[in-house]
Amino acid sequence: AQKITQTQPGMFVQEKEAVTLDCTYDTSDPSYGLFWYKQPSSGEMIFLIYQGSYDQQNATEGRYSLNFQKARKSANLVISASQLGDSAMYFCAMRGRPGTYKYIFGTGTRLKVLA
Amino acid sequence: DTGVSQDPRHKITKRGQNVTFRCDPISEHNRLYWYRQTLGQGPEFLTYFQNEAQLEKSRLLSDRFSAERPKGSFSTLEIQRTEQGDSAMYLCASSPPTGGTYTGELFFGEGSRLTVL
């Protein structure tokens, strides 16, 4: 069975500093996709970044980068130069092999950026 | 705004009543998903449509839950005889056909929050 684990219920970071949010996953599928979403207090899930299981390079998207360590089954999100607007819940998610559409989400990490 | 829209945003009901939520996906998206999110948890998959066909349904979706997407456009999620345990945020998401540069991310609405008294 597929599983996503986020072990940090809450994190604090000083404005302008970098922060790493942890995510580990478990799957027996050789082909899968990993996603990070941000959920502000308004409730909408906002897609941040994607990493495919066969991608050779770590994904980057602006201030977001994904530290993908396949052997360790980890896909940590790194946010550089944190901003007050980054305060939100962050969810790691996984999609299984192509043809499956049941995305699995972790329990999330609440990030608070301090001024 | 042409994102995913959900209605109502908030619903308070008494136990035993029926409730219905509506989701309008992004117009060119053929896939539509319903998720449930309880406090302190990540979204849990409920069901998935491709066009009008309901292709996958979670065991979380008891007989009291039914979802439809009659013309492959908007979708409704109905909960009959609500229970207090149904209190949650119900999230709808959509996605386009695969291909091109699309990487598979879901496009979510802002959710419909249900409170059952």
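Heads up: the structure comes first, above all this text.
The following refers to the structure shown. (Residues numbered from 1 in each chain as written. Chains lettered and ligands numbered in written order. Predicted model: local features only at pLDDT ≥ 70, side-chain atom pairs only at ≥ 80, totals over all residues. Heavy atoms only, no water.)

**Here's the deal with the nonpolar core**
Residue and element names in this part refer to chain A. Ranked by internal contacts, the top residues of the largest apolar core, which has 25 residues, are I4, Y25, L34, W36, I49, L77 and Y90. Elements that contribute at least two residues to this core include exactly β3 (19–21), β5 (33–39), β6 (46–52), β8 (64–69), β9 (74–79), β10 (88–95) and β12 (109–114). Considering every element that reaches this core, the biggest residue donor is β10, with 4 residues. In contact with Y90, other than residues within four places in its own chain, are Q6, L21, W36, Y37, K38, L48, L77, I79, G108, T109 and L111. (Core = buried A, V, L, I, M, F, W, Y, C linked by side-chain atoms within 4.5 Å. Buried < 20%, exposed > 50% of the residue type's maximum accessible area, 1.4 Å probe, protein only. Helix = DSSP H or I, 4+ residues; strand = E, 2+ residues; numbered from the N terminus. Contact = heavy atoms within 4.5 Å.)

**Some thoughts on the sheet that holds strand β7 (residues 65–68) of chain B**
Residue and element names in this part refer to chain B. The antiparallel open sheet is built from 4 strands, whose spatial order is β1-β3-β8-β7. Edge positions in the sheet fall to β1 (5–7) and β7, since each has one partner strand and no second. Sheet twist, expressed as the average angle between the axes of neighbouring strands with direction ignored, equals 15°. Sheet topology places β7 next to strand β8 (residues 75–79); 4 bridges connect them, and they run antiparallel. Among the inter-strand pairings, S66 is bridged to a residue of β8, identified as E78. (Pairing = 2+ DSSP bridges. Axes fitted to C-alpha atoms, helices over the stretch in contact; angles between N-to-C directions.)

**Some words on the interface of chain A and chain B**
Every contact between the two is made by 17 residues of chain A and, on the other side, 23 residues of chain B. A per-residue breakdown of the area chain A buries against chain B is headed by A:Y101, A:Y103 and A:F105, which together make up 35% of the total. Applying the counting rule to chain A against chain B returns 0 salt bridges. Inspection of the region where chain A meets chain B yields 6 residue pairs in polar contact (both at pLDDT 80 or more). For the side of chain A that touches chain B, the secondary-structure elements that each account for two or more residues are β5, β6 and β10 of chain A. Among the elements that line the side of chain A that touches chain B, the one with the most residues is β5(A), at 3 residues. A per-class count over the side of chain A that touches chain B returns 9 nonpolar, 5 polar and 3 charged. (Buried area = accessible area lost by both parts, 1.4 Å probe. Salt bridge = Lys/Arg side-chain N within 4 Å of Asp/Glu carboxyl O. Polar contact = N/O pair within 3.5 Å; in protein donor to acceptor, adjacent residues only side chain to side chain. Nonpolar A, V, L, I, M, F, W, Y, C, P; charged D, E, K, R; others polar.)

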